[in-house]
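# Fold and contact review
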Amino acid sequence: MAEITMREAISQALWEEMERDERVFVMGEEVGLWGGTYAVTRGFYDHFGAERVRDTPIAEGVIVGAANGAAMAGLRPVAELMTINFAFLAMDQIVNGSAKLRAMFGGQFTIPIVIRTVGGGGRQLGATHSQTPDAVFAHFPGLTVIAPGTPYDAKGLLKAAIRSEDPVMFIENATMYQTKGEVPEGDYVEPIGVSKVQRKGSDVTIVTYSKGLQLSLQAADQLAADGVEVQIIDLRCLRPLDLGPAIESLKRTNRAVIVEEGWRSYGVGAEVASRLYEQAFDYLDAPVKRVAQVEVPLPYNRELEQMALPQVGDIVRAVQEVL
Amino acid sequence: MFTLAWGIAMAEADVALKALDEKEMLRLYHEMILIRRLEEEAAHLYQQGKIGGFLHLYIGQEAVASGLLSVRRPEDRVFTAYRDHGVAIASGIEAKFVMAELMGKATGASKGKGGSMHLADVDLNFWGGYAIVGSHMPLAAGMAMADKYRGDPGVTICMFGDGATNIGYFHESLNLSMVWDLPVLWVCENNQYGMGTSVERASAVEEMRQKAEGYEMPNSRVNGMNVLEVRRAAEETLSYIRENGTPYFLEVVTYRFQGHSMGDPERYRESDEVDQWREDDPIGMFRTHLVDTGVFSAEELSKEEELVDREIEQAVEFAESSPNPPPEALFEDIHAEE
Ligand SMILES: Cc1ncc(C[n+]2csc(CCOP(=O)(O)OP(=O)(O)O)c2C)c(N)n1
Ligand SMILES: [Mg+2]
């Protein structure tokens, strides 16, 4: 299998789906002539043309809204929001549109939209441009929320998202486009709503996703050097949320740490922890620990920003504390 | 409705020029050079890794901020977007506090927490640069409302890009300012592009001021490469707002000579186009004009440039030797009540 970057994996998925199905098109700010602000759609404009690679004005509300409409009319839009921070300007169309319209009209139509966007901090972009508000979107029934942690999953899950009849929010992380991993040539689809074991171990269970996965894998290497073996469960999808493999793992480890980049309160860890307490209380030998972002608007200054973001060392410490 | 003429030539602007005293002209020249040098130095420091995040340079657009804000009164509030270094300087923030913010230092305008896109000094009535496109426009409307509510004088000057005119906030804010008769000067810096998207690819109308027409807002369009023309337009429009207490829309046509931000591959425009605009360099044109009309000699202006060079050197020195914010700053200034 070839090692490729997250950027290449996502780009391949998009390209192959556009080749496969003429109903698929991309729209968003700078997706065409510029080639995508993160270069994911580089070359698309020349190959697929302006009809299928549509540059939009700076107008997030109408990007998602028009994509909703096109989806309801039978197309398969991949609407790109340049960053997840700008999704807040499209919140009504996502929350009151994508997530609800099918149910509200008694299932008379489908909304096969994919909203591709990217979050994450650590690039000194200041408070409004550095957020990881994934949990906010996972709050809404009717929306599927995917956040891959490896190139393999990014490709397989983006293809699944595009083929899904339901609205999907596909959240990437801006610091992970260069992350490499093995990806098979050609077509494959990963199942939506199924979490995955990304590393085997029997001492502590780490439940995580996206950037948290990459940090946890590094922490696992450090811990292994000290003889501690962690099992890492990658959620891959925040809604629907699959905790089956996490609970299976917990039966052997009896200890859990949850790692996410976003803020702790009302976050992914809060949901996962409470489900573990509800469904696996008897297997727990220690309280569940959460590693998350310090609850402040992220500052520009590099040292302060890094202090606020979860680090590999924080994960190592949390694992040692539950042991 | 009154409309200013588009494209007054330098010679015609002479009338305004004569009325300006020499001191003010030298100050304008000094300020524009200061902005230019600050940006050049910032680009340099960015390449050295001393500035992080996004860095959007104002090079080419200096005459807009300098001309516009040269006639504002202390009670006039100023808002702009993330391309804010020039506006910060023209609002009166010292170069050293801008530079320190760019380097994330505790002595920076926003204590190192905002960075390049988020400079502010509310004591100077400069309410900041905003990185979410269009998001400051409702704030400007609200500030003007507050001034009017209390019977305070002052106009809120709100600057934004051509790209921002396509977002809902723009339309909601313009409309509200008319419905509520708010003293706002809406200033669109039309530099022809929003990132890589040209105006014609993003906007249904060619001139941004046409969008104000839809709200029956008085409007005009001026040449933003000519500092004296911008200054005169600002004078006229601000006094219109002061007299009537209602909004005005000023489109200033300009051009950014550099990429959207650092590392922009600029695949969306031809270098010929950039060169063409560079011939209208706002600083070069003003310099030539000052010399040709005998207001200042080339030597006098060169001396001024040397003063600016020293100012920039000192700003960098100040920023480099300033401390980072202490760790506890992470938790400070979030809530007003702890
Ligand atoms: C709501 C929102 N959408 C997208 C962006 C990304 N973005 C940053 S600057 C920019 C272009 C803005 O163009 P314009 O208003 O013309 O200002 P200029 O950069 O030309 O000064 C875009 C799309 C953003 N910051 N905010
Ligand atoms: Mg612009």
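Residues numbered from 1 in each chain as written. Chains lettered and ligands numbered in written order. Predicted model: local features only at pLDDT ≥ 70, side-chain atom pairs only at ≥ 80, totals over all residues. Heavy atoms only, no water.

### Examining the overall build of chain B
Condition: Secondary structure counts use DSSP, requiring at least four H or I residues in a row for a helix and at least two E residues in a row for a strand, with both numbered from the N terminus. Partly exposed residues are those whose accessible area sits between 20% and 50% of the maximum for their type, while under 20% is buried and over 50% is exposed, using a 1.4 Å probe and protein chains only. It only takes one pair of heavy atoms within 4.5 Å for two residues to be counted as in contact. Areas reported as accessible are Shrake-Rupley estimates using a 1.4 Å probe. Residue values count occlusion only from the protein chains shown.
Of the regular secondary structure elements, chain B holds 13 helices and 8 strands. By principal-axis analysis of the C-alpha atoms, chain B measures approximately 55 × 55 × 40 Å. Each of the 338 residues in chain B was classed as buried or not, and the buried ones make up 58%. Here the contacts in chain B between residues at least 6 apart in sequence split such that 76% fall between residues at least 24 apart. Summed over all atoms, the accessible surface of chain B reaches about 13800 Å², with 50% contributed by carbon and sulfur.

### Side note on the overall build of chain A
Quick reminder of the rule: Note on method: radius of gyration uses C-alpha positions; expected globular size equals 2.2 Å times residues raised to 0.38. Charged residues are defined here as Lys and Arg on the positive side and Asp and Glu on the negative side; His and the ends of the chain fall outside this count. Think of each charge as sitting on NZ of Lys, CZ of Arg, CG of Asp or CD of Glu.
Across its full length, chain A holds 12 helices and 14 strands. The C-alpha atoms of chain A give a radius of gyration of 19 Å, which matches the 20 Å a tight globule of 323 residues would have. Overall, chain A is about 55 × 45 × 40 Å in size when its C-alpha atoms are taken along their principal axes. When the 323 residues of chain A are sorted by exposure, 61% land in the buried category. Considering only contacts in chain A between residues 6 or more positions apart, those separated by 24 or more positions represent 82%. Carbon and sulfur atoms make up 50% of the accessible area of chain A, which totals about 12000 Å². In chain A, which carries 30 positive and 42 negative side-chain charges, the distance between the mean positions of the two groups comes to 2 Å.

### Remarks on the site of ligand 1
As a reminder of what qualifies: Here a residue counts as near a molecule or strand whenever at least one of its heavy atoms sits within 4 Å of it. The term polar contact refers here to a pair of N or O atoms within 3.5 Å; inside protein, the definition further demands a hydrogen-donor-capable atom paired with an acceptor-capable atom, and it admits residues adjacent in sequence only when both atoms are side-chain atoms.
Around ligand 1 lies a shell of 22 residues, among which Glu60 of chain A together with Tyr82, Arg83, Ala131 and Gly163 of chain B are the nearest. A distance of 2.5 Å is found between a nitrogen atom of ligand 1 and a side-chain nitrogen or oxygen belonging to Glu60 of chain A.

### Comments concerning the pairing of strand S11 (residues 230–234) of chain A
Residue and element names in this part refer to chain A. Put simply, the rule is: Two strands make a pair as long as DSSP finds a minimum of two bridges between them.
The buried count for S11 comes to 5 of 5 residues, which makes it a mostly enclosed element. Burial along S11 is two-sided: the face carrying Val230, Ile232 and Asp234 and the face carrying Gln231 and Ile233 are both buried. The sheet contact formed by strand S9 (residues 196–199) and S11 spans 3 bridges and is antiparallel. Bridge pairing in S11 links Val197 to Ile233. Relative to S11, strand S10 (residues 204–208) is paired through 5 bridges, and the arrangement is parallel. Its bridge partner lying in S11, Val207 is registered against Ile233.

### Quick notes on the interface of chain A and chain B
The following threshold applies: Here, a salt bridge means any side-chain nitrogen of Lys or Arg that lies within 4 Å of a carboxyl oxygen of Asp or Glu. Under the grouping applied here, Gly and all other residues not named as nonpolar or charged are polar, the nonpolar ones being Ala, Val, Leu, Ile, Met, Phe, Trp, Tyr, Cys and Pro and the charged ones Asp, Glu, Lys and Arg.
On the chain B side, the residues contacting the 31 residues of chain A number 40 residues. Here Arg201 of chain B makes a salt bridge to Asp55 of chain A, at a shortest N to O gap of 2.7 Å. Inspection of the chain A/chain B interface yields 12 residue pairs in polar contact (both at pLDDT 80 or more). In terms of residue count, the dominant contributor to the side of chain A that touches chain B is helix H11 (residues 302–308) of chain A (4 residues). When grouped by side-chain class, the residues that make up the side of chain A that touches chain B number 18 nonpolar, 7 polar and 6 charged.

### Describing the side chain of Glu251 of chain B
Residue and element names in this part refer to chain B. You can see Glu251 is positioned in strand S8 (residues 248–253). You can call Glu251 buried: its relative accessible area is 0%. Within the local environment of Glu251, its side chain forms a polar contact with the backbone nitrogen of Arg209, the two atoms lying 2.9 Å apart. Sequence-distant contacts of Glu251, defined by excluding residues within four places in its chain, comprise Cys188, Asn190, Glu207, Met208, Arg209, Ser220, Arg221 and Val222.

### Details of the pattern of salt bridges
The full count for this structure, using the stated rule, is 44 salt bridges over all chains. Here Lys289 of chain A ties to Glu321 of chain A by a salt bridge, and the two come within 3.3 Å at their closest N and O atoms. Placement of the pair is Lys289 of chain A in strand S14 (residues 289–293) and Glu321 of chain A in helix H12 (residues 312–322), with a sequence separation of 32 residues. By relative accessible area, which is 32% here, Lys289 of chain A ends up partly exposed. Residues Arg231 of chain B and Glu24 of chain B are paired through a salt bridge, measuring 3.2 Å at the closest nitrogen-oxygen approach. Separated by 207 residues along the polypeptide, Arg231 of chain B in helix H10 (residues 227–244) and Glu24 of chain B in helix H2 (residues 22–47) bring together distant segments of the chain. Residue Arg231 of chain B is classed as buried on the basis of its relative accessible area of 11%.

### Comments concerning the domain arrangement of chain A
All names here are of chain A. Heads up, the condition is: Per the annotation, domain bounds derive from an automatic or database assignment of domains. Two parts placed together each lose some accessible area; with a 1.4 Å probe, that loss summed over both constitutes the buried area.
Looking at the assigned domains, one finds that chain A contains domain 1 (2–183) and domain 2 (196–322). For domain 1 versus domain 2, the distance between C-alpha centres works out to 26 Å. Taken together, the contact between domain 1 and domain 2 spans 31 residues of the former and 28 residues of the latter. Approximately 2200 Å² of surface area, both sides summed, lies buried where domain 1 meets domain 2, with 51% of it carried by carbon and sulfur atoms. A per-residue breakdown of the area domain 1 buries against domain 2 is headed by Gln124, Thr132 and Ala147, which together make up 24% of the total. At the surface where domain 1 touches domain 2, the tally comes to 2 salt bridges. Here Asp153 ties to Arg236 by a salt bridge, and the two come within 2.9 Å at their closest N and O atoms. Here domain 1 and domain 2 share 20 residue pairs in polar contact (both at pLDDT 80 or more) between them.

### Thoughts on the sheet that holds S11 of chain A
All names here are of chain A. We apply this condition: A fitted line through C-alpha atoms serves as each axis, taken over the contacting stretch for helices, and the angle formed by two N-to-C directions is quoted from 0 to 180°.
Strands sit in the order S9-S11-S10-S13-S14 across an open sheet of 5 strands; the sheet is mixed. One side of each edge strand has no neighbouring strand; the edge strands of this open sheet are S9 and S14. Each neighbouring strand pair of the sheet contributes to a mean axis angle of 25°, computed without reference to strand direction. In the sheet, S10 pairs with strand S13 (residues 256–263) via 4 bridges, with the strands oriented parallel. Bridging from a neighbouring strand, Ile206 pairs with Val257 of S13. Helix-sheet contacts for helix H8 (residues 211–225) involve S9, S10, S11 and S13, and the interaxial angle to S11 is about 170°.

### What about the nonpolar core?
Where we set the bar: Here, the term nonpolar core denotes a set of buried Ala, Val, Leu, Ile, Met, Phe, Trp, Tyr and Cys residues that are joined through side-chain atoms within 4.5 Å.
If you look at the biggest cluster of nonpolar residues, it comprises 77 residues, and the most contacted ones within it are Leu68, Met99, Leu185 and Phe286 of chain B. A per-element tally of this core places H2 of chain B first, with 11 residues. In this view, Met99 of chain B contacts Leu38, Glu41, Ala42, Leu45, Ala315, Val316 and Ala319 of chain B; residues no more than four positions away in its chain are not counted. Judged by nonpolar contacts, the second largest core, of 48 residues, contains Leu235, Ile247, Leu276 and Leu284 of chain A.

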